[in-house]
Amino acid sequence: MAERQVTFKDAVLEALAEEMRADPSVVLIGEDIGAAGGVFLQTKGLFEEFGASRVIDTPISESAIVGMAIGAAMTGLRPVVEIMFGDFITLGMDQLVNQAAKVRYMSAGGFTVPLVLRTAIGVGGNLGPQHSQSLHAWVAHVPGLKVVMPSNAADAKGLMKAAIRDGDPVVFFESRSSYNTKGPVSDGEHVVPIGKAAVTREGRNVSIVAVGAMVGVALQVAERLAGEDISVEVVDVRSLVPLDEGTILKSVKKTSRALVLDAGYAQFGVTGEIAALIAEQAFDWLDAPVMRLAAPNVPIPFSRTLEPLVIPSRDQAAAKVRELMGTR
Amino acid sequence: MAERQVTFKDAVLEALAEEMRADPSVVLIGEDIGAAGGVFLQTKGLFEEFGASRVIDTPISESAIVGMAIGAAMTGLRPVVEIMFGDFITLGMDQLVNQAAKVRYMSAGGFTVPLVLRTAIGVGGNLGPQHSQSLHAWVAHVPGLKVVMPSNAADAKGLMKAAIRDGDPVVFFESRSSYNTKGPVSDGEHVVPIGKAAVTREGRNVSIVAVGAMVGVALQVAERLAGEDISVEVVDVRSLVPLDEGTILKSVKKTSRALVLDAGYAQFGVTGEIAALIAEQAFDWLDAPVMRLAAPNVPIPFSRTLEPLVIPSRDQAAAKVRELMGTR
Amino acid sequence: MTTNEKLTGDFGLSLYRGMVTIRAFEERVRSLSAAGQVPGLTHLYSGQEAVAVGVSSALQPDDAITSHHRGHGHCLASGADPVRLMAEILGRTAGYGLGRGGSMHILDPATRNLGTNGIVGGGVPLATGAALTAKTLHASWLAVAFFGDGAMNQGIVFECMNMAALWKLPVLYVCENNHYGEFTRIDDVTAGTLAGRAAVFGIPVAEIDGMDVLAVHAAAQDAVARAREGQGPSLLVCDTWRFSGHHAGDKQSYKDDAEAKNWAAKCPIETLGRRLVANKLADADSLSALRKTIEADIAAVAEQARAMPEPASASLEDHLHG
Amino acid sequence: MTTNEKLTGDFGLSLYRGMVTIRAFEERVRSLSAAGQVPGLTHLYSGQEAVAVGVSSALQPDDAITSHHRGHGHCLASGADPVRLMAEILGRTAGYGLGRGGSMHILDPATRNLGTNGIVGGGVPLATGAALTAKTLHASWLAVAFFGDGAMNQGIVFECMNMAALWKLPVLYVCENNHYGEFTRIDDVTAGTLAGRAAVFGIPVAEIDGMDVLAVHAAAQDAVARAREGQGPSLLVCDTWRFSGHHAGDKQSYKDDAEAKNWAAKCPIETLGRRLVANKLADADSLSALRKTIEADIAAVAEQARAMPEPASASLEDHLHG
Ligand SMILES: Cc1ncc(C[n+]2csc(CCOP(=O)(O)OP(=O)(O)O)c2C)c(N)n1
Ligand SMILES: Cc1ncc(C[n+]2csc(CCOP(=O)(O)OP(=O)(O)O)c2C)c(N)n1
Ligand SMILES: [Mg+2]
Ligand SMILES: [Mg+2]
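This is a predicted model, so every value here is computed, not measured.

Notes on the overall build of chain A
Along chain A, the regular secondary structure elements total 11 helices and 14 strands. What you see for chain A is a C-alpha radius of gyration of 20 Å, in line with the 20 Å of a compact globule of 328 residues. Principal-axis analysis of the C-alpha atoms places the extent of chain A at approximately 60 × 45 × 45 Å. Out of the 328 residues belonging to chain A, those deemed buried represent 72%. For chain A, contacts bridging at least 24 residues in sequence account for 82% of all contacts bridging at least 6. Accessible surface, chain A: about 8800 Å² in total, of which carbon and sulfur atoms supply 50%. When the 30 positive and 37 negative side-chain charges of chain A are each reduced to one mean point, those points stand 3 Å apart.

In structure tokens form, the structure reads like this:
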């Protein structure tokens, strides 16, 4: 199959367009996604192709947007809801958690909620404390939701297609910082199953288990440390729920050392769960404590000098890996 | 100081009444908390004593209740907001996270938000999937909030008083299952500092680090296992944020084995953070993997036969402890 | 007669039967609850039967509904199987959610019931979203949201009504004003009117006597006709009363006795019964016999449900994901 | 003249000065932004000056305000120090939030500014809660919430207005209808009227020409007087226009040129200037000189702010907790 270089954003757009062409029940719902094409131009051209009844521009009413999409999903549509910034999922949490996550269970499978909620997350561009958060840990905490977080264009396309076809509510986190990053995407049908991690680079000494945009950091660290004779394996988590424990544990049992890397707030976040999993299930294999690197526990500052400090950096990650190698 | 036996619920009520008497800026805001005295009678008598201007009955508008309380706290009141069931904090997350948690930081201390949000959480009484959740992990994830979760009457009183006097937004989780449990509460002024864990029972072999109502389970397990010659130390976390890492780590470094116990959903929850902390910081002291016990990852079922299965039980906890002792 | 349709014996009796079934069911739940047989909290619909029955009798089988915490009446009026409903309320495996949802979570695709709901206002976006499906797929069905006066202060309800009006969605909002939310009087928490809350978006509103099933039916028919013609949403505000308070077991000390008595005298079942008799469409004895039969049927339903098994541990994780 | 108060030279000039200051400030931000000097996104207030200045001139110093993402004008009209404001917008330590908040997060206790806000509708509950404080503590001040037409579809705004009306809170809601939310036209997302959204709760509403600072001032004075007398909330709906689109740099291809030209002709500064001249309260030359002076002052402000240091890494965690 031929491959093209496609940006992350365009890969998602391709997935949306292909699924909308294939299935008339797929609709998009969100703010400014219609004629305007989305504030990041992430829905560009879809309004022109599919019209106002399938690319639905809404008022600024996030709670109702999510709630209505659930009702729509229960009755025959496959809505893809866009929440413009991940910080605003706060406004839809009740609908997501108290309705979407529980409908299949409470109705014993009588109703399903084939809904995708996509949202742009993460730091970059100095948008300040209310436009930069990565709250994926919240969504991953609630049973009944699936949660995916692609790190590259091909996975973005393949996971979006899988999410749209899935019978469960899937929350799809897009790191803004990845939007314009290009990667190879194969022509034709490309679906990535939800619930499968990927070993993106093989290595022998340390596993970096990374989420979303942090996979890029992990790969750069691996490259850099190869020069220091440290062989780093990179595991791209891809799906937080279901979490592919097997792939993660297999890697760590091979390398005996692990660093977990995520861009969300550190405290009570994603790295805790994954590190605890490794520490419990791979205890006998570990040659060093499982280490974690995530965003510091502060609101995300606006200033050009401070904002970069809340993004886990290559330097920080490399230092942790060296510590893992050095300490014992 | 004399001690009385007081229920958890009455201990909170005492704290509210005392702080309201001492400080006219303390007001209560919530649904049915006025003449009705609250659906759990948790504000009984306060309306009669303090009147409608300080015990403020609201419409069913959780988002605005939380949002308004923040504005009130920024301008001179010390509101104690009640969200009837913890499941409904979903409706106030935007205000809590995007406003309350960030005001002090964004205003460089110019404004503070001395707000307490109290809410009843947890399983028990067959109230079903939307009236039983324990979503404290969410709140603990967001920098700028303090999070407390008392396990007994004395701490409930002392932490509520500390929370009301605190200059930061404090989320106060009350386990419904503890409401009618009695414990000794000293007469007179009793304040428990936020951010300090307590070693509730000393032991040598295993530390159970427990949160909220799970402390009771831990103590019962400790008692039971004492008969099997396993000496269990129980650490009551009390405050999730700030987390008293020192007390937790000191205990585990002493016992070399740890079980983390929480009643929230297991996945990406509170046990992950604490277990990861121990696994990283006490690695060299550990004789066994850090184990975790929390609620299974399912919506909380209504039925009498199923509901108990989502509450971490003494049997499950005891089995984990035995496994910790036995495996190596 | 408040409806322009002719009241016939068949139609009148079907409404009567519908309301009596709900009343008998709820009174049975109440006694089971008093006997400690009903897990959790349950909120009874007794007194409000005219709303569920009046609206449902104006619907087609494929119309969708959403309901709220006081929802048994809506389920029954939409055709729920009383045994499966009772089984769910009692937490039995034969229930609609295998006993895992309970009274506040009854969902049934067969009767197009998107669920009773434990979140005040929670059903309103679901119904509005269902109406979006109907419109998008050019379906002929519509969606109905039943909710209380208390829900009218939840912001999401306004958000939904705005979109329903904008997009002319085929949705019927039915607000049951029983004058209380839990233990708090509507006037203490509600500025302006309930009707105004939809009128502001240009949504037509009918304010009706919610104890008069024929009035409810007539208003629902008008609203349903408008929705099917593509004219968009309507709101019915139905004035009614919770005969048994907030939940089964509520002692209702906060209520004014005279007012409660006054409402009791407006019982929708008695009112329709008197009218059927006055119009010579039924006689008092046959109505009373019918009532007894239904009560006996419901008693049998309850016994049947009670005898059913409770869920086994192994079912805990069933239907979590697809 | 639309106000019953007499337009004097002093008062008229103070309004003129206030509006010109905002315009000069915003145009300076725009050129800094075009030059890549402003981190992030910033939303300019040019065109809407009459609203901030008209309302603020009816307030007392201890009245509280909340604002939104398009908030520099409200800050300046409330007495913000332009240097600290500009410093925050540029992310400098001398800014109100030490450079950590930026344009959408300007909070200042000295001017009782509870903040510009990045959440659409986010300031409305804050102002309503401030009014609850005022009422509870029997204070004489009131609270003002400035927000856009787009915010009028956020549910929380309805929830707040219901409580403000119920409890007669001293709060003034000021909706600046600039006909767009981002790139979407108000009519495409707003059923009914903006005024109706408050009227439904019994809140008095004035619909005014938001390009006429005297009209805004007069309406604000009436509303403020009512609030101080304990008569509760009011809403002003001010018809206005964003001269520079959604954010600095927005090309505004979605706008109709003729309409935009029409609004440009209504520039609130020109309008007031003409009136001052017509009333012989100022002459055109002195106004133009005043404008030049202010522009020069603001240019100096910008230079001063640009020269200030950006935050040091060590400040990252300052003021997280008390
Ligand atoms: C979001 C939310 N807030 C609060 C509650 C608690 N609660 C359950 S029923 C109820 C009152 C609802 O009143 P109304 O809508 O008038 O319905 P009614 O009970 O009168 O039929 C409240 C406050 C809830 N279930 N959900
Ligand atoms: C809760 C939320 N949803 C969406 C956005 C993105 N957003 C920023 S400004 C804006 C439009 C606001 O329109 P309006 O209230 O009319 O204010 P204007 O920009 O016209 O002054 C939107 C949708 C946001 N900041 N917050
Ligand atoms: Mg009611
Ligand atoms: Mg606007």
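Thoughts on the overall build of chain C
In terms of regular secondary structure, chain C is built from 12 helices and seven strands. For 322 residues, the compact-globule estimate of 2.2 N^0.38 gives 20 Å, and chain C sits close to it at 19 Å. Projected onto its principal axes, the C-alpha positions of chain C cover 55 × 50 × 40 Å. Pairs at least 24 apart in sequence give 75% of the contacts found in chain C among residues at least 6 apart. Taking the average location of the 27 positive side-chain charges in chain C and that of its 35 negative ones, the two points are 2 Å from each other.

Brief notes about the coordination of the magnesium ion (ligand 3)
Residue and element names in this part refer to chain C. Coordination sphere of the magnesium ion (ligand 3), protein contribution only: Asp149 (OD), Asn178 (OD1) and Tyr180 (O), at 2.0 to 2.1 Å. Spacing between the donor residues of the magnesium ion (ligand 3) along their common chain follows D-x28-N-x1-Y. Of this pair, Asp149 sits in the loop between strand S2 (143-148) and helix H6 (155-166) while Asn178 sits in the loop between strand S3 (171-177) and strand S4 (180-181), placing them 29 residues apart in sequence. Relative accessible area serves as the criterion here: at 3%, Asp149 is assigned to the buried category.

Here's the deal with the coordination of the magnesium ion (ligand 4)
Around a metal, the idealised angle for a tetrahedral arrangement of four donor atoms is 109.5 degrees; for an octahedral arrangement of six donor atoms it is 90 or 180 degrees. Residues and elements named next belong to chain D. Coordination of the magnesium ion (ligand 4) by the protein is provided by Asp149 (OD), Asn178 (OD1) and Tyr180 (O), with metal-donor distances spanning 2.0 to 2.1 Å. Between consecutive donors of the magnesium ion (ligand 4), the numbers of intervening residues give the motif D-x28-N-x1-Y. Exposure class is identical for Asn178 and Tyr180. Each is buried.

Some points on the relation of the copies chain B and chain A
With an RMSD of 0.0 Å, the operation that places chain B on chain A is a rotation of 180° combined with a shift of 0.0 Å along the axis. The relationship between the two copies is best expressed as a two-fold rotation axis. Residue by residue, 98% of the interface of chain B is reproduced at the interface of chain A, so both copies engage with the same surface.

Comments concerning the site of ligand 2
By nearness alone, 23 residues border ligand 2, and Glu62 of chain A together with His69, Arg70, Gly118 and Tyr180 of chain D come closest of all. Residues within reach of ligand 2 are spread across chains A and D. The side chain of Arg70 of chain D places a nitrogen or oxygen atom 2.7 Å from an oxygen atom of ligand 2. Bound to the protein, ligand 2 loses 98% of the 580 Å² it would expose on its own. In terms of residue class, the shell around ligand 2 is made up of eight nonpolar, 10 polar and five charged.

Some thoughts on the domain arrangement of chain A
The accessible area lost on association of the parts is a frequent measure of interface size. Residues and elements named next belong to chain A. Here chain A is partitioned into domain 1 (7-186) and domain 2 (198-325). On a C-alpha basis, the centroid separation for the pair domain 1 and domain 2 is 26 Å. Summed over both sides, the interface of domain 1 with domain 2 buries roughly 1900 Å², with 59% coming from carbon and sulfur. When the area that domain 1 buries against domain 2 is broken down by residue, the three leading residues are Val123, Asn126 and Met149, summing to 30%. Counting across the interface, domain 1 meets domain 2 through one salt bridge. Taken together, domain 1 and domain 2 are joined by 10 residue pairs in polar contact (both at pLDDT 80 or more). For the side of domain 1 that touches domain 2, the elements supplying multiple residues, two or more each, are helix H6 (136-141), strand S6 (146-148) and helix H7 (153-165). Taken together, the residues of the side of domain 1 that touches domain 2 sort by class into 12 nonpolar, 13 polar and two charged.

Observations concerning the interface of chain B and chain A
Across the boundary between the two partners, chain B contributes 54 residues, which contact 53 residues of chain A. Across the interface of chain B and chain A, roughly 4800 Å² is buried in total on both sides, 62% from carbon and sulfur atoms. When the area that chain B buries against chain A is broken down by residue, the three leading residues are Trp138, His141 and Phe268 of chain B, summing to 19%. Taken together, the links from chain B to chain A amount to two salt bridges. Across the pair Glu273 of chain A and Arg292 of chain B runs a salt bridge whose closest N-O atoms are separated by 2.9 Å. Our enumeration of links across chain B and chain A arrives at 24 residue pairs in polar contact (both at pLDDT 80 or more). Those elements giving two or more residues to the side of chain B that touches chain A turn out to be helix H4 (93-100), helix H5 (103-106), helix H6 (136-141), strand S12 (239-241), helix H10 (270-281) and strand S14 (291-295) of chain B. Per element, the largest residue contribution to the side of chain B that touches chain A is eight residues, and it comes from H10 of chain B. Among the residues forming the side of chain B that touches chain A, the class breakdown is 33 nonpolar, 11 polar and 10 charged.

What about H7 of chain A?
All names here are of chain A. For H7, which comprises 13 residues, the first-to-last C-alpha distance of 19 Å matches the rise-based estimate of 18 Å (1.5 Å per residue) to within 8%. Burial within H7 is extensive, with 12 of its 13 residues counted as buried. All buried positions along H7 are accounted for by Ala153, Ala154, Asp155, Ala156, Lys157, Gly158, Leu159, Met160, Lys161, Ala162, Ala163 and Ile164. Looking at where H7 begins, the residue whose side-chain oxygen comes 3.2 Å from the main-chain nitrogen of Ala154 is Asn152.

A look at the packing of helix H3 (residues 62-74) of chain B against H4 of chain B
All names here are of chain B. The contact between H3 and H4 brings their axes to 8 Å, and the two run at 25°. Of the possible angle classes, the one that applies to H3 and H4 is roughly parallel. Between H3 and H4, the contacting residues are Ser63, Val66, Gly67 and Ile70 on the first element and Gln95, Leu96, Gln99 and Ala100 on the second. Considering only residue class, the contact of H3 with H4 consists of four nonpolar, four polar and no charged.

What about the pairing of strand S7 (residues 234-239) of chain C?
Residues and elements named next belong to chain C. In terms of residue burial, S7 counts as a mostly covered element, since five of its six residues are buried. Relative to S7, S3 is paired through six bridges, and the arrangement is parallel. The residue of S7 that forms the bridge with Glu176 is Cys238. Examined bridge by bridge, strand S6 (residues 205-209) and S7 share five bridges and lie parallel to one another. Looking at S7, one finds that Glu207 is bridged to Val237.

What to know about the sheet that holds strand S3 (residues 55-57) of chain A
Remark on secondary structure: sheet strands pair via backbone hydrogen bonds, oriented parallel or antiparallel. Residue and element names in this part refer to chain A. Read from one edge of the open sheet, seven strands run S3-S2-S4-S5-S7-S6-S12, paired in mixed fashion. Every other strand in the sheet has two partners, leaving S3 and strand S12 (239-241) as the edge strands with one partner each. Averaged over all adjacent pairs, the angle separating strand axes in this sheet is 20°, with direction ignored. Taken together, the two bridges between S6 and S12 define a ladder with antiparallel strand orientation. Bridge assignment links Val147 to a residue of S12, and that residue is Val241.

Re unusual backbone geometry
With an omega of -10°, the peptide bond running from Val241 of chain A to Pro242 of chain A counts as cis. Mapped onto the fold, Pro242 of chain A is located in the loop between S12 and helix H9 (245-255). Here His319 of chain D, not a glycine, exhibits a phi torsion of approximately 60°, which is positive. Within the element layout of this structure, His319 of chain D appears in the segment after helix H12 (284-306).

Here's the deal with the interface of chain C and chain B
The interface is formed by 36 residues belonging to chain C together with 31 residues belonging to chain B. Between chain C and chain B the total buried area reaches about 2500 Å² when both faces are included, carbon and sulfur atoms providing 64% of it. In this assembly, chain C and chain B are joined by zero salt bridges. Looking at the side of chain C that touches chain B, its residues break down into 14 nonpolar, 17 polar and five charged.

Some details on the site of ligand 1
Around ligand 1 sit 24 residues, and of these Glu62 of chain B together with His69, Arg70, Gly118 and Tyr180 of chain C come closest. Residue neighbours of ligand 1 fall on chains B and C, so the site bridges chains. Within the contact set of ligand 1, a nitrogen atom lies 2.7 Å away from a backbone nitrogen or oxygen of Gly118 of chain C. Here a nitrogen atom of ligand 1 sits 3.1 Å away from a polar atom, N or O, in the main chain of Val120 of chain C. Within the complex, the protein chains bury 98% of what would otherwise be the 580 Å² of accessible surface of ligand 1.

Concerning the nonpolar core
Where a protein is soluble and globular, its nonpolar side chains tend to be buried together. If you look at the biggest cluster of nonpolar residues, it comprises 304 residues, and the most contacted ones within it are Ile278 of chain A, Ile278 of chain B, Tyr173 of chain C together with Tyr173 of chain D. Setting aside chain neighbours within four positions, we find Tyr173 of chain D in contact with Val124, Thr128, Ala145, Phe147, Cys160, Met161, Ala164, Ile203, Pro233, Ser234, Leu235 and Leu236 of chain D.

Here is what the cut-offs are and how they apply
- Residues numbered from 1 in each chain as written.
- Chains lettered and ligands numbered in written order.
- Predicted model: local features only at pLDDT ≥ 70, side-chain atom pairs only at ≥ 80, totals over all residues.
- Heavy atoms only, no water.
- Helix = DSSP H or I, 4+ residues; strand = E, 2+ residues; numbered from the N terminus.
- Rg over C-alpha atoms; globule rule 2.2 N^0.38 Å.
- Buried < 20%, exposed > 50% of the residue type's maximum accessible area, 1.4 Å probe, protein only.
- Contact = heavy atoms within 4.5 Å.
- Areas by Shrake-Rupley, 256 points an atom, 1.4 Å probe, with all protein chains shown as cover.
- Lys, Arg positive; Asp, Glu negative; His and termini not counted.
- Charge placed at Lys NZ, Arg CZ, Asp CG, Glu CD.
- Donors = N, O, S within 2.8 Å, 3.2 Å for Na, K, Ca; no water.
- Least-squares fit on C-alpha atoms with pLDDT ≥ 70 in both.
- Near = heavy atom within 4 Å.
- Polar contact = N/O pair within 3.5 Å; in protein donor to acceptor, adjacent residues only side chain to side chain.
- Nonpolar A, V, L, I, M, F, W, Y, C, P; charged D, E, K, R; others polar.
- Domains from an automatic or database assignment.
- Buried area = accessible area lost by both parts, 1.4 Å probe.
- Salt bridge = Lys/Arg side-chain N within 4 Å of Asp/Glu carboxyl O.
- Expected span 1.5 Å × (residues − 1).
- Axes fitted to C-alpha atoms, helices over the stretch in contact; angles between N-to-C directions.
- Parallel < 35°, antiparallel > 145°, perpendicular 65-115°, else oblique.
- Pairing = 2+ DSSP bridges.
- Core = buried A, V, L, I, M, F, W, Y, C linked by side-chain atoms within 4.5 Å.

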